[in-house]
Amino acid sequence: MDFKLNKRQFLITSLLKGIILFSQNSLGTIVAPYKTYRRLSTSRHFEQLLPLGLIVAVYFWFSNVLRYGLLRNPLIMATGWVETTTGALITFLLVVSGIYIGSLIVGGKGKLVNLFLPWGYSLLPTLIWFIITSISFLLIPPPRTTSFTGQVFSFLFIVGSLIIFLWKGILYYLTLRFGMRLDLYKILLVSSGIFPAGILYSLLMYKLGIFRIPFI
Amino acid sequence: MKEDPIFLKLQDRLSEVSVVSSQTLGPLTPLYKKTTSWVKTWPLRVLIPLAFLAGIVCEVILGERIIKLVSLLQHGF
């Protein structure tokens, strides 16, 4: 039986496939990151980045509403949304390019397309941290005090941030390991170049007023 | 044999596993293998206690400055 999809049907099935793959692989980055990233580095199903992109865009809308207010400053809020979303996209492309170029210099054997999916999923810890921080800002606005509850919250916030940071570190390592086929020594070598560049980029983003903490 | 689905699946699996060569670190290889075995599946079971310990160390080192740090980080989004 010959079954052909028209353009609209193809788009809908691609989106559905993307959502299913995104759900599976997001859980995979928590449950079995090694196996998931090994699969992602050779996968060419880029439609699974669409749900992630949508969540990021919605999050930035929420964070700009929180910062500037929907009714108070709608133009500034909209401009902020465009800036942060574009900034996140440019940051993503710059980081992927930086990892690719740095890896080629040390003898990495992967292709640029091998990095898109692994690095895309590496944004999950970043997104989760930003969401938690925004919600905590909304529910328990800073500054924190030296009271018992202030100290407990501060401790839990630091512990939560460290868990997310270490998870991100694992996903970064797996991106280079499977995306560019690097070993540990070469990963450390590439990182010694990428991290200072990342810090300078973060300072630039801060000075431009786009991100206080970069969405890397 | 070549059309056997189990054989084909095995072939795919072996190709997937051999995407990168095995990591060796000389005399540190057993330690590396042991460490990575903990984080290959459910890394959170290692990350949560590790982060908790690191949090206690930060609390001891930074003291009340941790509160200022958290107030700063809360503005970071």
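Here the structure is a predicted model, which is why all the values come from computation and not from measurement. (Residues numbered from 1 in each chain as written. Chains lettered and ligands numbered in written order. Predicted model: local features only at pLDDT ≥ 70, side-chain atom pairs only at ≥ 80, totals over all residues. Heavy atoms only, no water.)

(A) Structural context of the packing of aromatic side chains. Residue and element names in this part refer to chain A. Summed over all chains, the structure comprises 16 aromatic pairs over all chains. Here Phe22 and Tyr121 contribute two aromatic rings whose centre-to-centre distance is 5.9 Å and whose plane-to-plane angle is 25°, an arrangement assigned as stacked. Of this pair, Phe22 sits in helix α1 (residues 7-31) while Tyr121 sits in helix α5 (residues 113-139), placing them 99 residues apart in sequence. Grouping residues by exposure puts Phe22 and Tyr121 together as buried. Pairing Phe130 with Phe215 gives two aromatic rings, centres 5.1 Å apart and planes at 70°, and the pair type is edge-to-face. One end of the pair, Phe130, is in helix α5; the other, Phe215, is in the segment after α7 (184-207), and 85 residues separate them in sequence. Across the pair, Phe215 and Phe130 agree in class, each one buried. (Phe/Tyr/Trp six-rings, centres within 6.5 Å; stacked < 30°, edge-to-face > 60°. Helix = DSSP H or I, 4+ residues; strand = E, 2+ residues; numbered from the N terminus. Buried < 20%, exposed > 50% of the residue type's maximum accessible area, 1.4 Å probe, protein only.)

(B) Region of interest: the interface of chain B and chain A. Facing the 37 residues of chain B at the interface are 44 residues of chain A. Each partner contributes to the roughly 3,800 Å² buried at the junction of chain B and chain A, and carbon and sulfur atoms together form 71% of this total. Put simply, chain B and chain A have zero salt bridges between them. Remark: the boundary between chain B and chain A carries 11 residue pairs in polar contact (both at pLDDT 80 or more). With 10 residues, the top contributor of residues to the side of chain B that touches chain A is helix α3 (residues 44-62) of chain B. Across the side of chain B that touches chain A, the residue classes tally to 22 nonpolar, 10 polar and five charged. (Contact = heavy atoms within 4.5 Å. Buried area = accessible area lost by both parts, 1.4 Å probe. Salt bridge = Lys/Arg side-chain N within 4 Å of Asp/Glu carboxyl O. Polar contact = N/O pair within 3.5 Å; in protein donor to acceptor, adjacent residues only side chain to side chain. Nonpolar A, V, L, I, M, F, W, Y, C, P; charged D, E, K, R; others polar.)

(C) Structural detail: the confidence of the model for chain B. All names here are of chain B. Looking at chain B as a whole, its pLDDT mean stands at 89, while 97% of the residues score no less than 70. Across chain B, the element-wise mean pLDDT spans from 85 in helix α1 (residues 5-17) up to 95 in α3. Complex prediction metrics read pTM 0.92 and ipTM 0.88. (pLDDT = per-residue confidence, 0-100.)

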